[in-house]
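Geometric and topological summary
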Amino acid sequence: MCVGCLSRMRPRYKRLVDNIFPSVPQDGLVKNNMEKLTFYALSSPEKLDRIGEYLFQKASRDISRKRNEFVMIAMEAMDQLLVACHAQTLNLFVESYLRIVQKLLESSEPSLQILATQSFVRFSNIEEDTPSYHRRYDFFVSKFSSMCHNNNPNLVTMEMIRMAGIKGIQGVIRKTVSDDLVENIWEPVHMDKIVPSLLFNMHTMKSKTDIVVESGISEEVNDKTDSFSLAESCLRELIGRASFGHVKSVIRPVLKHLDAHHMWVPNVFATQCFRILMFSIQSQYSYAVVETLMTHLDENGNASPKIRTSIADVLSKIIAIAANESVGPTVLEIINSLLTNLRTSVTRRPPSNTGLSESDGENEYREALIHALGEFAAHLPDYQKIEIMMFIMSKVPQFKSSNNPNDLHVQRMCLKSLLMVSTKYSSVQMNATFPQSFLDLLLKTLTASEDEIRFIVLRILHTLLDRHNNASKLSKATVNITKSEINLEKCSRSDTIFIRKHAQDIYVSIYESLEMTNNTVENVEAVYTTLALICIELLSEETVLDFIRLILSIQELAITNAVLSTQQKFHLHGLVISIMLLVAIVTDLHPLKDYVEKVIEQRKLLSATHLLPELSVHNEVKSSSLLPAGVLIEEPELTEALKASGIDITTETGPVLAHRRSWVENTNMSMKGSFTDLSNLDLDSVNSTPAMQRRFSPNEDLSFEAMKRSLLDNPVVRVEQNTRQTQLCDMFRNTSFQDLVAISTASKDEESLHSKITDVFNKVDISNKLSAVETTNQPIPIYETLFPELFAF
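Let me begin by describing the structure that accompanies this report. On a predicted model such as this, the values are computed, not experimentally measured, just so you know.

1. Some remarks on the nonpolar core
Among the nonpolar cores identified, the biggest contains 215 residues, and Phe120, Phe274, Phe434, Phe547, Leu575 and Leu592 are the most heavily contacted of them. When residues of this core are assigned to their parent elements, the largest contribution, 12 residues, is made by helix H27 (residues 566-586). With near-sequence residues (within four places) excluded, Leu592 lies in contact with Ile548, Met580, Val583, Ala584, Leu638, Ala641, Leu642 and Ser645. In this structure, Phe570, Leu611, Val631 and Leu632 belong to the second largest nonpolar core, which totals five residues.

2. Points about the environment of Phe200
Tracing the backbone through its elements, the reader meets Phe200 in helix H10 (residues 188-203). Residue Phe200 is classed as partly exposed on the basis of its relative accessible area of 21%. Separated by 57 residues in the primary sequence, Phe200 and His257 have C-alpha atoms spaced 8.9 Å apart. Excluding residues that lie within four positions of it along the chain, Phe200 makes contacts with Cys148, His149, Arg162 and His257.

3. Examining a nonpolar patch on the surface
Judged by side-chain polarity, Leu728, Met731, Phe732 and Ile743 come together as a nonpolar surface patch covering roughly 300 Å² of accessible area. Within the secondary structure, Phe732 is located in helix H31 (residues 715-734). Classification of Phe732 by relative accessible area gives partly exposed; the value is 31%.

4. So, the packing of aromatic side chains
The tally for this structure, following the rule as stated, stands at 16 aromatic pairs. Between Tyr137 and Phe140, the aromatic rings sit 6.1 Å apart at their centres with planes inclined by 50°, giving tilted as the arrangement. Both residues of the pair, Tyr137 and Phe140, belong to the buried class. For the pair Phe434 and Phe438, a centre-to-centre distance of 6.4 Å together with 20° between the ring planes defines the contact as stacked. Across this residue pair, the class does not change: Phe434 and Phe438 are buried. Directly above the aromatic system of Phe21 lies the positively charged group of Lys58, at a separation of 4.9 Å from the ring centroid.

5. A look at unusual backbone geometry
Following Val265, the chain continues to Pro266 via a peptide bond in cis, the omega torsion being -5°. Tracing the sequence through the fold places Pro266 in the loop between helix H13 (247-260) and helix H14 (268-280). Its identity as a non-glycine residue notwithstanding, Lys66 has a phi of 65°, on the positive side. Structurally, Lys66 is set in the loop between helix H4 (48-64) and helix H5 (68-84). You can call Lys66 exposed: its relative accessible area is 55%. Its identity as a non-glycine residue notwithstanding, Asp588 has a phi of 60°, on the positive side. Secondary-structure assignment places Asp588 in the loop between H27 and helix H28 (590-605). Of the residues examined, Asp588 reaches a relative accessible area of 40% and is grouped as partly exposed.

6. Examining the packing of H27 against H28
Look at H27 against H28: their axes get within 8 Å of each other, and the N-to-C directions meet at 150°. Viewed along their axes, H27 and H28 adopt a mutual orientation that is roughly antiparallel. As for the relative orientation of H27 and H28, their crossing is left-handed in sense. Seen from H27, the contacting residues are His573, Ile577, Met580, Leu581, Val583, Ala584 and Ile585; seen from H28, they are Leu592, Lys593, Val596, Glu597, Val599, Ile600 and Arg603. Residue composition of the contact of H27 with H28, by class: 10 nonpolar, one polar and three charged.

7. What about helix H16 (residues 305-323)?
In this model H16 runs 26 Å from its N-terminal to its C-terminal C-alpha over 19 residues, within 8% of the 27 Å that 1.5 Å per residue would give. At Lys317, H16 shows its strongest bend, of approximately 35°.

8. Re the pattern of salt bridges
Tallied over the entire structure, the rule returns 20 salt bridges. Across the pair Glu53 and Arg99 runs a salt bridge whose closest N-O atoms are separated by 3.0 Å. In this pair, Glu53 is assigned in helix H4 and Arg99 in helix H6 (residues 90-106), connecting sequence segments 46 residues apart. Judged by its relative accessible area of 27%, Glu53 is partly exposed. Of the charged contacts in the structure, one is a salt bridge between Arg412 and Glu452, with a shortest N-O distance of 3.0 Å. Of this pair, Arg412 sits in helix H20 (residues 405-422) while Glu452 sits in helix H23 (residues 451-465), and the two are 40 residues apart along the sequence.

Cut-off values and rules
Residues numbered from 1 in each chain as written. Predicted model: local features only at pLDDT ≥ 70, side-chain atom pairs only at ≥ 80, totals over all residues. Heavy atoms only, no water. Core = buried A, V, L, I, M, F, W, Y, C linked by side-chain atoms within 4.5 Å. Buried < 20%, exposed > 50% of the residue type's maximum accessible area, 1.4 Å probe, protein only. Helix = DSSP H or I, 4+ residues; strand = E, 2+ residues; numbered from the N terminus. Contact = heavy atoms within 4.5 Å. Patch = residues over 30% accessible without salt bridge, like charges linked within 9 Å, V, L, I, M, F, W, Y side chains within 5 Å. Areas by Shrake-Rupley, 256 points an atom, 1.4 Å probe, with all protein chains shown as cover. Salt bridge = Lys/Arg side-chain N within 4 Å of Asp/Glu carboxyl O. Phe/Tyr/Trp six-rings, centres within 6.5 Å; stacked < 30°, edge-to-face > 60°. Lys NZ or Arg CZ within 6 Å of the ring centre and 35° of its normal. Axes fitted to C-alpha atoms, helices over the stretch in contact; angles between N-to-C directions. Parallel < 35°, antiparallel > 145°, perpendicular 65-115°, else oblique. Left-handed = near helix turned anticlockwise from the far one by under 90°. Nonpolar A, V, L, I, M, F, W, Y, C, P; charged D, E, K, R; others polar. Expected span 1.5 Å × (residues − 1). Bend = angle between axes of the 7 residues up to and from the residue.

Right under this line is the structure:
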């Protein structure tokens, strides 16, 4: 039988497949015959699987015979059939197609591997009408991943194979992510190959200028991007397609790769990777990346400080991206995790008795955590910043003294974290900035025994009080400031209510902090800045008198305190005169300003410049026991200046400072009555202050008639009361200090504890005797006589 007769006896699909191959491979695919084959496949879709199988057999023979040109023609035919046919039987054809691609990938020739990859990428972009139940891509994942690590001596060939591997991985991702019935690409067995392959190409980037341009292939490489950019694009697509449950499947291989290849120090590449992840992931899942990285930080608790610092630094650079999407418990969970790591780091401090110094790496690690906390808070809304500050403050150990250095260090680190958050907050209204619980804890910490802790608390107050950027101008006490240098705004009604409500607690805490014997110049200057900001932001005519009382009490502290050093007393005098001048400038009290300037000139004339700022160590002055006349702020002159300024000192504008503890607790003298009053009615305010007890005058009439007269508003009684109060005020103003001490000491001796106890016991004995006598002589009550049955036992 002739050959032509035999060829006509073959199935039609085989004849159509044979006709697409030219006699000379350089002529390429026969397009007319390819159109006939495509029309036949569309007309008879049940033949697709046979067409695919026959093409696979022909391509396999050509591969084994090294006839690469015919292999390329077969792949081109396969590609056209895939694009043209969307029948339900396409799945069987795809199986044959994937077998051809696998054959090409198993070949050792780079050109065939690249050809297979290009064909697979085109296939990955085809949307199939029917899902596949049995198709597997594990071979392609492994093969494409190995291609990403190709080390061919020819740089051009190496680059092309690596890029082909990356494109193949990208094709597998596109083909599997959208089809739930195929193999789960998010399994660790696949992610542990895909992610490290992409990271390897991102880290070992080769510049185009370093690639040797050879033959015609290199021109194709130059027309495309490099392996680094392609790997980055693939990683972005991978994390962008991840759902919430699959985010950690991508992040864990990244962390393992960075750990295994020691890429945390330096952390430039690690930072780059996580920024790519954060900007590519779905925004609502971004906090999951932060959570995974923080968990990794916890797992590396025993790693070197440099590694932990680098991880924390990466965290600080990406945490702000997640802040916008973090709400509710997530925010506090992140903050709590950062604080927990801080506290854990503190426990690594060497014991003080060993003589070992703390490593710089551990300090850098803590600073990186604090910086991360600040970056996270900076991108949250203000109401959440307040919640964070309150949460951090609740974690600060509350104690005034402790022998445990770890406790102090925890307190210090927590307050530094709070300071970092406060710098990101913009105050509007003080009652919103300082909730009651937050303010109470802050003021309580202000009286801590450690000077550094007090200094941090004062800096926190600076950042929260300063709404007009005046803190930098008021960092040091000075008497050379002018109103034009300060940004002023009239105090609002809500702020006035706030300071009237909380002035007592704030002022007393500041006063107590100044009593500490370990205060440095920096502490006093920080107190000056705090008082100056209160003056600028919160003072008005209604609240200025309370503030002036605080200033005078500080001056009294500098005069009477027996435990403060001479230099510390000089610092307090400089603080007093600076703040008093600022009050006069801010409130436009010109007579007060003139008086304060007069005191300043007097100090200069009488060589008392050590009582003026700049605050520094005054070695030329050895004692502060003798102060020249006129160098202190005197109450009579101050009162006249206030009256001349239009301040009504006869009307009580607010409660005086309550003595939560003795104003001069370190002296042996009781300072009863020494707290200065500026008005004749200041004594009445004691009645309205819960923390103080009023001592009634011995001559004061407390009978029923006296009360009745006071209710009827008898003018004679009121005049008598005013006269007694005036006499008492004049006594404290005009009597010398030694006489007042003698009077106070004498009264204390007369009312000794022993005499009081004796009187109490005598009264108890007499009362018992009287009660016994009265009991024996007392008649039977009438109700027991009339109704004896009710009282029978």
